[in-house]
Amino acid sequence: MRSTVFFFYFLFFIAAGIHAQVHILTRGGNHFFIGIDNAVTVTSKKLNVKKLTVTIDKGTVAGADGFYTVRCSAPSANALIRVLYKGKVVALKKMEVLRISDPEVYAIGSKLFKSGPIAKAEFEKLYALTVKTNVPFLAIVPVHFRYKRMRNNELLDVIENESPMFSNDLKDMIKNARAGDTIIFDNITCTGPDAVAMRINTVKLAVMEN
């Protein structure tokens, strides 16, 4: 009899959890990142989200009514974010906390180019610079860079560009490139979500025959 009652309550608990349908949504998938606001959304078809509490064991949580931000200060392979209703856990999600990688700049054409050889035909397709980190939603945008074309250590072309997109003058200059030229994008200034300017690494390409 006792086992039957226990089994009944066990099934009731599972059913209640299913019907509560509490979902934890994070824009970084299963990753939180150190030093930025990690957005978390909690939804439920059965429970009033205003009565839910969100906690994390490897960081801090701010926000209310289903919309939260999590801040983390140290890497962790096993950070648990929990949603509680009347003191009981109704949903949880395991997260990995990562450091933000150093920004890397790439030239955009038919694909991304960072350094090394590039066929002349591919080089002529370049149209912009972009910046990437391991945070897919962290927008870092080039606002200024310098383009230089060199051959045998002699500077042949140079132009300043004030946008991630190549200006028409730069596009025309790119047509001057020949096999054996070295192309350098440097003095790259970028801004991120906090609008603070930063200097990042260069792109260096060697133009090759098609």
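Above this text sits the structure in question.
Residues numbered from 1 in each chain as written. Predicted model: local features only at pLDDT ≥ 70, side-chain atom pairs only at ≥ 80, totals over all residues. Heavy atoms only, no water.

Peer 1: Tell me about the overall build of the protein chain, and please be specific about residues and values.
Peer 2: Tallying secondary structure elements over the protein chain gives three helices and 17 strands in all. Its C-alpha atoms give the protein chain a radius of gyration of 26 Å, more than 25% over the compact-globule value 17 Å for 210 residues. Referenced to the eigenvectors of the C-alpha coordinate spread, the extents of the protein chain come out at roughly 90 × 35 × 30 Å. The burial tally for the protein chain puts 37% of its 210 residues in the buried class. Intrachain contacts of the protein chain at a sequence separation of at least 6 include 58% that bridge at least 24 residues. Within the structure as shown, the protein chain displays about 12400 Å² of accessible surface, and the carbon and sulfur contribution to it stands at 56%. (Helix = DSSP H or I, 4+ residues; strand = E, 2+ residues; numbered from the N terminus. Rg over C-alpha atoms; globule rule 2.2 N^0.38 Å. Buried < 20%, exposed > 50% of the residue type's maximum accessible area, 1.4 Å probe, protein only. Contact = heavy atoms within 4.5 Å. Areas by Shrake-Rupley, 256 points an atom, 1.4 Å probe, with all protein chains shown as cover.)

Peer 1: Describe the sheet that holds strand 8 (residues 88–98), listing the residues and the values that go with them.
Peer 2: Reading across from one edge, 2-8-7-4 is the order of the four strands in this open sheet, with mixed pairing throughout. At either margin of the open sheet sits one strand with a lone partner, and together these are strand 2 (31–33) and strand 4 (52–56). Across the sheet, the mean angle separating the axes of adjacent strands is 35 degrees when strand polarity is ignored. Strand direction decides the pairing type here: strand 7 (residues 76–85) and strand 8, joined by eight bridges, are antiparallel. Within strand 8, the position partnered with Ser76 by the bridge is Val97. (Pairing = 2+ DSSP bridges. Axes fitted to C-alpha atoms, helices over the stretch in contact; angles between N-to-C directions.)

Peer 1: So what's going on with the environment of Ala74? Residues and values would help.
Peer 2: By secondary structure assignment, the location of Ala74 is in the loop between strand 6 (67–71) and strand 7. Taking the C-alpha atoms as reference points, Ala74 and Gly59, separated by 15 residues in sequence, lie 8.3 Å from one another. Those residues in contact with Ala74 that sit more than four places away from it in its chain are Ile34 and Val97.

Peer 1: Would you mind going over the pairing of strand 6 in detail, with residue names and values included?
Peer 2: Alternating residues of strand 6 divide into Tyr68 and Val70, all buried, and Phe67, Thr69 and Arg71, none buried. Here strand 3 (residues 38–44) pairs with strand 6 via four bridges, running antiparallel. When the bridges of strand 6 are listed, Ala39 appears paired with Thr69. Across five bridges, the pairing between strand 5 (residues 60–64) and strand 6 is antiparallel.

Peer 1: Give a description of the sheet that holds strand 3 that names residues and reports values.
Peer 2: Spatially, 1-3-6-5 is the arrangement adopted by the four strands of the open sheet, whose pairing is antiparallel. In this open sheet, the two edge strands, each paired with only one partner strand, are strand 1 (22–26) and strand 5. Taken over all neighbouring pairs, the strand axes of this sheet differ in orientation by 25 degrees on average, direction set aside.

Peer 1: Requested: an account of the nonpolar core, with residues and values cited.
Peer 2: Counting residues in hydrophobic clusters, the biggest one holds 29 residues, and the most contacted among them are Phe123, Tyr147 and Phe185. At four residues, strand 15 (residues 182–191) tops the list of elements feeding residues into this core. Those residues in contact with Tyr147, other than ones at most four positions away along the chain, are Phe123, Asp157, Val158, Ile159, Leu170, Met173, Ile174, Ile183, Ile184 and Phe185. (Core = buried A, V, L, I, M, F, W, Y, C linked by side-chain atoms within 4.5 Å.)

Peer 1: Break down the pattern of salt bridges for me, with residues and values.
Peer 2: One side chain can pair with another of opposite charge once the charged atoms of both are near each other. With the rule as written, the count across this model stands at nine salt bridges. A salt bridge links Arg149 to Asp157, with the nearest nitrogen and oxygen atoms 2.7 Å apart. Classification of Arg149 as buried rests on a relative accessible area of 8%. A salt bridge links Asp172 to Lys175, with the shortest nitrogen-to-oxygen separation between them at 3.8 Å. Owing to a relative accessible area of 44%, Asp172 belongs among the partly exposed residues under this scheme. On the accessibility criterion, Lys175 (52% relative accessible area) is exposed. (Salt bridge = Lys/Arg side-chain N within 4 Å of Asp/Glu carboxyl O.)

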